[in-house]
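Chain by chain, the residues:
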Amino acid sequence: LAQYIIDMQKVLMEANRVLKKNKHLIIVVADTKIENETIYSDRLFTELCEILNFEPICVYKRKIPKYRKYINSSLGKIDEENIIIFKKVSEYSNKYMYNDAIWNNFAIKKLMEIEARIISNEELDRKEKKKKIEKINQAITHLMLDLRSL
């Protein structure tokens, strides 16, 4: 998740750089799973875009036709995708958007949200929870070390 957020940050920063004020950005994403926890991509992108001076206009949910479905052993079938439309609301270049610490903190926050969902998931046994939480804590530790080096 952390690397995904960093990669999307780069894409969105470039969109922010090339789009003029009041122009639109359209993103098509599907929800995904990490450690069997759903990552709601439309929400994630909305939060990322708001940091970068984009205002969410609307989100459309679209069923993916059976002949186009993507199947990945770790994700399963992706049956639905989100089409998100944003509007660039200002030419103002927020100096904080280029600060790696902002993005690392954002990724840490998202990982902690997943950790909280794992803890409250009553379907998982104690051993499974511990294993998943350890992985998330390793990712958070890695991001914290990155923050210290900035």
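Residues numbered from 1 in each chain as written. Predicted model: local features only at pLDDT ≥ 70, side-chain atom pairs only at ≥ 80, totals over all residues. Heavy atoms only, no water.

Visitor: So what's going on with the pairing of strand 7 (residues 80-88)? Which residues, and what values?
Guide: Of all the nine residues making up strand 7, seven are buried; the element is thus mostly covered by neighbouring parts of the structure. Sheet topology places strand 1 (residues 24-29) next to strand 7; six bridges connect them, and they run antiparallel. Residue pairing in the sheet places L25 in a bridge with F86 of strand 7. The pairing of strand 4 (residues 54-63) with strand 7 spans nine bridges and is antiparallel. In the strand pairing of strand 7, K63 is matched with E80. (Buried < 20%, exposed > 50% of the residue type's maximum accessible area, 1.4 Å probe, protein only. Helix = DSSP H or I, 4+ residues; strand = E, 2+ residues; numbered from the N terminus. Pairing = 2+ DSSP bridges.)

Visitor: Go over the sheet that holds strand 7 with me, naming the residues and quoting the values.
Guide: With antiparallel pairing, three strands are arranged side by side in an open sheet as 1-7-4. Of all strands in the sheet, those bounded by a partner on one side alone are strand 1 and strand 4. Averaged over all pairs of adjacent strands, the angle between strand axes in this sheet comes to 20 degrees, irrespective of strand direction. In this fold helix 2 (residues 41-51) packs onto strand 1, strand 4 and strand 7, with an angle of close to 15 degrees to the strand it touches most, strand 7. (Axes fitted to C-alpha atoms, helices over the stretch in contact; angles between N-to-C directions. Contact = heavy atoms within 4.5 Å.)

Visitor: Mind laying out the packing of aromatic side chains, listing which residues take part and the relevant values?
Guide: Under the defined criterion, the tally for this structure stands at zero aromatic pairs. The cationic tip of R43 hangs over the ring face of Y40; the distance from NZ or CZ to the ring centre is 4.2 Å. (Phe/Tyr/Trp six-rings, centres within 6.5 Å; stacked < 30°, edge-to-face > 60°. Lys NZ or Arg CZ within 6 Å of the ring centre and 35° of its normal.)

Visitor: So, the nonpolar core: which residues are in play, and what are the values?
Guide: Membership of the largest hydrophobic core comes to 28 residues, with the highest contact counts inside it found for L12, L25, I27, F45, F54 and F86. With six residues, helix 3 (residues 100-120) is the largest single contributor of residues to this core. (Core = buried A, V, L, I, M, F, W, Y, C linked by side-chain atoms within 4.5 Å.)

Visitor: Please give an account of the confidence of the model for the protein chain that cites residues and values.
Guide: Scored by pLDDT, the protein chain has a mean of 76; 75% of the residues are at 70 or more. Looking at the elements of the protein chain, mean pLDDT is at its lowest for strand 5 (residues 70-72), recorded as 58, and at its highest for strand 1, recorded as 91. (pLDDT = per-residue confidence, 0-100.)

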